[in-house]
Amino acid sequence: MPPDIVGLLTLQERDLRLQELRKELERIPKEQDLARERLATHQQAVDDAKAALQENGVAIKGVELDVGTRKESITRLKQQQFETRKNEEYQALGVKVSHYSDEIDGLETRELELMESGDQLRGTLTEAEAAYSTTKGGVDEEISILQKRADEFSREAQTLEEERQQLLVGMDESLVSIYDRLLKLRGAPVVVQITGERQCLGCHVKATPATMVRVQAGKELVNCENCGRILYPQ
Ligand SMILES: [Zn+2]
């Protein structure tokens, strides 16, 4: 094995772990967002329940207002009845009074229905709030665990980056540049074994016997003819 391979393999060990860490660091915020979305669904349910309850309250007030105006009309009509001396007018006013009384009956039935719905809506809101707070506890914990993991991974990645910089000192620059180019293109690993059956363990394609001979001679860097990865013998 050319001595350069040993250096590259040490570098690659860091790069493999760095690659893993970067994937994790990309994945964790997405998981945190998913957890937050789970909570948002419950928040929406609470908001909807509150809005429905408020709408119900407004409807009840509206009905009460309508009852009030009809009661005022009845009082006015009865006063007019009291003041009139004409029997015909008295009868006509009486018809109006009974018309408004019927309307009040209808409105009061409507108010009772609305109040019943209000009770149901309050129940829905209580359930939605309970579900929200249960989920919030779990979501907060999950987000914080994920954050701790991300912080640990970031620290580890930073240490690896520093180690990597130190390893680069004294290494052949052109060799490192070949390695870096392959790393960018293929991702780690880029320094791979070739098996006794001449199979590249990077792309699993069989190399030519000539390539195998060059790898085994260990005098130069040999790339896989198929994937370009740097080969070393088992
Ligand atoms: Zn290959």
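Right above here is the structure, for reference.
So, here's what we can say about the structure. It should be emphasised that the depicted structure is a prediction, and the values quoted were computed from it without experimental measurement. (Residues numbered from 1 in each chain as written. Predicted model: local features only at pLDDT ≥ 70, side-chain atom pairs only at ≥ 80, totals over all residues.)

Looking at the overall build of the protein
Across its full length, the protein holds four helices and three strands. In sequence order, the protein lays out its α and β elements as α-α-α-β-α-β-β. Here the C-alpha radius of gyration of the protein, 41 Å, is well above what a compact globule of 234 residues would show, namely 17 Å. Dimensions of the protein, computed from C-alpha atoms along their principal axes, come out at roughly 130 × 35 × 25 Å. The buried share of the protein, taken over its 234 residues, is 11%. Long-range contacts, defined here as pairs at least 24 residues apart, represent 72% of the contacts in the protein between residues at least 6 apart. (Helix = DSSP H or I, 4+ residues; strand = E, 2+ residues; numbered from the N terminus. Rg over C-alpha atoms; globule rule 2.2 N^0.38 Å. Buried ≥ 20, exposed ≤ 12 C-beta atoms within 10 Å, placed from the backbone. Contact = placed C-beta atoms within 7 Å.)

Comments concerning the sheet that holds strand β3 (residues 230-233)
By way of backbone hydrogen bonds, the strands of a sheet pair with one another, either parallel or antiparallel. Ordered by their spatial adjacency, three strands build an open sheet running β1-β3-β2, and the pairing between neighbours is mixed. Every interior strand has two partners, whereas the edge strands, β1 (191-194) and β2 (222-223), have only one. Examined bridge by bridge, β2 and β3 share two bridges and lie antiparallel to one another. Within β3, the position partnered with Val222 by the bridge is Leu231. Sitting on the sheet, helix α4 (residues 209-217) touches β1, β2 and β3, and the angle it makes with β3 is about 70 degrees. (Pairing = 2+ DSSP bridges. Axes fitted to C-alpha atoms, helices over the stretch in contact; angles between N-to-C directions.)

Considerations on the environment of Tyr100
Looking at where Tyr100 falls in the secondary structure, it is placed in helix α2 (residues 87-168). Between the C-alpha atom of Tyr100 and that of Pro209, which follows or precedes it by 109 residues, the distance is 106 Å. Setting aside residues no more than four positions away along its own chain, Tyr100 makes contact with Arg70, Ser73 and Ile74.

Some words on the environment of Leu25
By the secondary structure assignment, Leu25 is in helix α1 (residues 3-83). In sequence terms Leu25 and Asn87 are 62 residues apart; their C-alpha atoms lie 91 Å from each other. When residues no more than four places from it in sequence are discounted, the contact partners of Leu25 are Ala150, Phe153 and Ser154.

Some words on the environment of Arg186
For Arg186, the location among the structural elements is in helix α3 (residues 173-186). Its 15 C-beta neighbours within 10 Å are what place Arg186 among the partly exposed residues. Put simply, Arg186 and Cys227 are 41 residues apart on the chain and 8.6 Å apart in space, counted from C-alpha to C-alpha. Not counting the four nearest positions on each side in its chain, Arg186 is found in contact with Cys227 and Arg229.

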